[in-house]
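Take a look at the letters that make up each chain.
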Amino acid sequence: MNRYSRKSVEYILIYLFIGTLAACATIQVNPIPAPPPTAKLRVYVQPLTGEGKWGTSHEVYVQNQIRRVERFLEKTGIYDVVGEQDVRTVLGGQRIERSQLEQNGWAPARRIGEALHADYVMVMERVMQRGAVGGKDFLFVNVMINVGTGKVFESRTQIVGMTRGDREEQRELMRMTYRDIFQSCKQDMLSTAIRKGRSSPSAPVKPEPAESREETPPPSAVKQLTPPPTPTPGPKKETPPVVAKVSPEPVAAPEPAAAPNLAGSGLIEASRKDTGAKKLVVYDFDVNDQYRVAALILAEALREELFKLKQFVLVNREDLQKVLEEMALQQTGLIDEKEAVRTGKGLAASQVVTGRLGQLGKTFVMQAKRVDVETFGTLGLASIKFTEGQEEEALNRLPDFARSLVGLQQ
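Each value, and the rule that gives it
As a convention, each chain's residues are numbered from 1 in the sequence order in which they are written. Totals for whole chains, interfaces and linings use all residues, but because this is a predicted model, local features are given only for residues with pLDDT of at least 70 and pairs of side-chain atoms are given and counted only at 80 or more. Side-chain numbers come from the whole structure's heavy atoms, not from hydrogens or water. Classification of residues uses two cut-offs on accessible area relative to the type maximum, computed with a 1.4 Å probe and protein chains only: under 20% is buried, over 50% is exposed, and between them is partly exposed. Here a strand is any run of E in DSSP of at least two residues, a helix any run of H or I of at least four, and the numbering for each starts at the N terminus. Our arc is simply the arc of the directions from the helix axis toward the C-beta atoms. When DSSP finds at least two bridges between two strands, those strands are taken to pair. Think of each axis as a best-fit line through the C-alpha atoms, taken over the contacting stretch in the case of a helix, with angles from 0 to 180 degrees between the N-to-C directions. Contacts between residues were defined by any pair of non-hydrogen atoms, one from each residue, lying within 4.5 Å. Angle categories are assigned with fixed cut-offs, so that under 35 degrees is roughly parallel, over 145 is roughly antiparallel, 65 to 115 is roughly perpendicular, and the rest are oblique. By convention the crossing between two helices is left-handed if the near helix lies anticlockwise of the far one by an angle smaller than a right angle, and right-handed if it lies clockwise. Whether two aromatic rings pair depends on their centres lying within 6.5 Å, for rings of Phe, Tyr and Trp, where Trp uses its six-membered ring; planes under 30 degrees apart make the pair stacked, over 60 edge-to-face, and the rest tilted. Comment: the charge-over-ring label is applied if NZ (Lys) or CZ (Arg) is within 6 Å of the ring centre and within 35 degrees of the ring normal. For our purposes a nonpolar core is just a set of buried Ala, Val, Leu, Ile, Met, Phe, Trp, Tyr and Cys residues, chained together by side-chain atoms within 4.5 Å. Nitrogen and oxygen atoms within 3.5 Å of one another constitute a polar contact, given that in protein one can donate a hydrogen and the other can accept it, and given that sequence-neighbouring residues count only through two side-chain atoms.

This part covers helix α11 (residues 337–346). Given 3.6 residues per turn, any residue in an α-helix points the same way as the ones three and four places further on. For α11, every residue scored as buried is listed here: E337, A340, V341, T343 and G344. An end-on view of α11 places all buried positions within 160 degrees of arc, on one side of the element. Exposed positions of α11 whose direction lies more than 90 degrees from the buried face are K338 and G346.

As structure tokens, then:
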């Protein structure tokens, strides 16, 4: 080995040694006092910058990304994002690298999450690589780590040949990644939400409307979804439920060119119009406050299953929230069926889905009803029962639940 070759090897070894020291550098963590208890899933978001030359500095990227993620996640009602001030208090001015966080099965990431009293750590990394046919390949990696159990869920999305002007493609990439990460860890999040709901102070049970109290309910704490009473004066007629009298309507699938709204997050997808397909609004489920997050996760998962059936254009959840605000309403489980139909009309929807998550002991019952906006008739009913610890089984049964709800044969 000549003198220059020996020198080159020495330099390489020095760089590797320095890189190893940097990767193994201990992250200094200063725990903060526990925040007020919440049933929401508390998430610590850590953006990272990987390989590639970027027009936006890492510091600016981190600030922008955290704000975007915070706006999106908190609007869903499922998450409570750890604030920037809390992160600065715990980490100071340290710049965190992926190699530091993922040591020993993401143990350092979990340690930071514990100091922040988070349920999950969300690591978001951008990586740019030279494309094979010019331009750049953009890779967006999203890793969700359960702080308590150490379970890890990862989503990777790549756009090939992206140029600096492809801003819309970058946004679409992020949407797809959010959707994928929700789909991969929704069962884990549902289990966490139910556990947190059980440990939170019990919320008072909301009284049922007077109309419901006139009828003798079954001996259960679960509120039953029944068709609206006929507004005819005089003694009540003993008639079978409306759903039994309605023949299952064949629902025509939209034309191949139709593009229904993307499901999943619902808050970040761009609206897509399709005048040929029926528009459907899926409301958040009615539930007692302590299990509201679990109900939100189930409603979001149901939207995904309904989207897969390609029978409807799903109304964007952000559009729904705007209309509710304009009508001085809130989607808090307190919207009755008449208000739901009225809001559906305001969104030019032809049908709405309302539902409830009821609980008795460790048993949960999820019920949903599909209602025609014009006739107020019940078009479909569906129900799932599961016990605490069977969250995965409940989610596995959602496809059949959705098919039953829209009247498709099993």
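Picking up after the structure, the text goes on.
What follows concerns the sheet that holds strand β6 (residues 278–282). Reading across the sheet, the 5 strands line up as β7-β6-β8-β9-β10 and stay open at both edges, with mixed pairing between neighbours. The sheet terminates laterally at β7 (312–314) and β10 (378–387), the two strands that pair on one side only. Within this sheet the neighbouring strands show an average axis-to-axis angle of 25 degrees, counted without direction. In this sheet, strand β9 (residues 363–372) lies alongside strand β8 (residues 351–360) in antiparallel orientation, the contact comprising 10 bridges. Bridge pairing in β9 links Q359 to F364. Sitting on the sheet, α11 touches β6, β8 and β9, and the angle it makes with β8 is about 145 degrees.

Viewed as axis vectors pointing N to C, helix α9 (residues 292–309) and helix α13 (residues 398–406) meet at an angle of 65 degrees, and their least axial separation amounts to 9 Å. By the criterion of interaxial angle, the relationship of α9 to α13 is roughly perpendicular. Of the two possible hands of crossing, α9 and α13 adopt the one that is right-handed. In contact with L298, A301, L302, E305, L306 and L309 of α9, α13 contributes L398, P399, F401, A402, R403, L405 and V406.

Turning to the pairing of strand β1 (residues 41–49), a few remarks are in order. Moving residue by residue along a regular strand, the side chains alternate between the two faces of the sheet. Of all 9 residues in β1, 9 are buried, a share of seventy percent or more. The alternating pattern of β1 places L41, V43, V45, P47 and T49 on one face and R42, Y44, Q46 and L48 on the opposite face, and all of these are buried. Strand direction decides the pairing type here: β1 and strand β2 (residues 79–81), joined by 3 bridges, are parallel. What sits directly across from L41, in β2, is Y79.

With that settled, consider the packing of aromatic side chains. Within the structure shown, the criterion is met by 2 aromatic pairs. Both rings, one in Y291 and one in F364, keep their centres 5.1 Å apart while their planes meet at 85 degrees; by these two values the pair is edge-to-face. Placement of the pair is Y291 in the loop between β6 and α9 and F364 in strand β9, with a sequence separation of 73 residues. No difference in accessibility class separates Y291 from F364, as the two residues are buried. Here the aromatic rings of F364 and F386 are separated by 5.4 Å at their centres, their planes lie at 15 degrees, and the arrangement is stacked. With F364 in strand β9 and F386 in strand β10, this residue pair connects regions lying 22 residues apart in the sequence. Here the two residues F364 and F386 agree in accessibility, since each one is buried. An aromatic cluster is present here, built from Y291, F364 and F386 joined pairwise through their rings. When the ring centre of W54 is taken as origin, the NZ or CZ atom of R126, which lies over that ring, is 4.2 Å away. A cation sits over an aromatic face here: R126 above Y61, 4.0 Å from the ring centre.

This part takes up the nonpolar core. Judged by nonpolar contacts, the single largest core of 62 residues is most densely connected at L41, I297, L306 and L357. Per-element accounting of this core gives the leading share, 12 residues, to α9. With near-sequence residues (within four places) excluded, L41 lies in contact with I78, Y79, D80, D119, Y120, M189, T192, A193, K196, V293 and I297. Core analysis: the second largest hydrophobic core is formed by 25 residues, L91, L101, V123 and V141 among them.

Moving on, we come to the environment of I181. Looking at where I181 falls in the secondary structure, it is placed in helix α6 (residues 167–199). If we ignore the near neighbours within four places in the chain, the residues touching I181 are N142, M144, F153, E154 and S155.

Burial analysis of β8 places 8 of its 10 residues in the buried class, which makes it a mostly covered element. Joining the antiparallel neighbours β8 and β9 is a turn of 2 residues, in which G361 adopts a positive phi near 65 degrees.

Structurally, R42 is set in strand β1. A distance of 3.3 Å separates the side chain of R42 from the backbone oxygen of H117, its partner in a polar contact.

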